[in-house]
Amino acid sequence: MTQGPAGTLLAILMVVAILLIVFGIRMIARGERRNGSLMLVCAVVMIGNVAIWTV
């Protein structure tokens with residue numbers, strides 16, 4: 001488990017990734033497929049980075 005500033009940064013990244021997923025799905029539902037899919041890809045990359053740093 002990461003402690004200190006690194007742990008805080010990883011937690012913030014996860015919150016931002018969740019928000020990107022939620023609003024990316026909303027944008028796709030509204031018809032903005034390109035921007036919504038880019039948000040989803042960005043969220044997947046962020047989650048992957050957090051997984052790499054925590055393992």
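Up top is the structure.
Values in this document were obtained by computation on a predicted structure and should not be read as measured data.

**Student:** Provide a residue-level description of the overall build of the chain, including the pertinent values.
**Tutor:** Within the chain, the secondary structure is distributed over two helices and zero strands. On C-alpha atoms alone, the chain measures out to a radius of gyration of 13 Å, which is more than a quarter above the 10 Å that the 2.2 N^0.38 rule sets for 55 residues. With the C-alpha coordinates of the chain rotated into their principal frame, the extents come out at 40 × 15 × 10 Å. Burial statistics for the chain: of 55 residues in total, 18% are counted as buried.

**Student:** I'd like a rundown of the pattern of salt bridges, residues and numbers included.
**Tutor:** Taken as a whole and assessed by the stated rule, the structure comprises one salt bridge. With a shortest N-O distance of 3.8 Å, Glu32 and Arg30 are connected by a salt bridge. When its relative accessible area of 33% is taken as the criterion, Glu32 is described as partly exposed.

**Student:** How would you summarise the packing of helix α1 (residues 5-30) against helix α2 (residues 33-54) if you had to cite specific residues and measurements?
**Tutor:** The interhelical angle for the contact between α1 and α2, taken along N-to-C directions, is 160 degrees, at an axis separation of 8 Å. Between α1 and α2, the angle is such that the two are roughly antiparallel. α2 is crossed by α1, and the crossing has left-handed handedness. Split into classes, the residues belonging to the contact of α1 with α2 amount to 19 nonpolar, five polar and one charged.

What counts, and where the lines are drawn
Residues numbered from 1 in each chain as written. Predicted model: local features only at pLDDT ≥ 70, side-chain atom pairs only at ≥ 80, totals over all residues. Heavy atoms only, no water. Helix = DSSP H or I, 4+ residues; strand = E, 2+ residues; numbered from the N terminus. Rg over C-alpha atoms; globule rule 2.2 N^0.38 Å. Buried < 20%, exposed > 50% of the residue type's maximum accessible area, 1.4 Å probe, protein only. Salt bridge = Lys/Arg side-chain N within 4 Å of Asp/Glu carboxyl O. Axes fitted to C-alpha atoms, helices over the stretch in contact; angles between N-to-C directions. Parallel < 35°, antiparallel > 145°, perpendicular 65-115°, else oblique. Left-handed = near helix turned anticlockwise from the far one by under 90°. Nonpolar A, V, L, I, M, F, W, Y, C, P; charged D, E, K, R; others polar.

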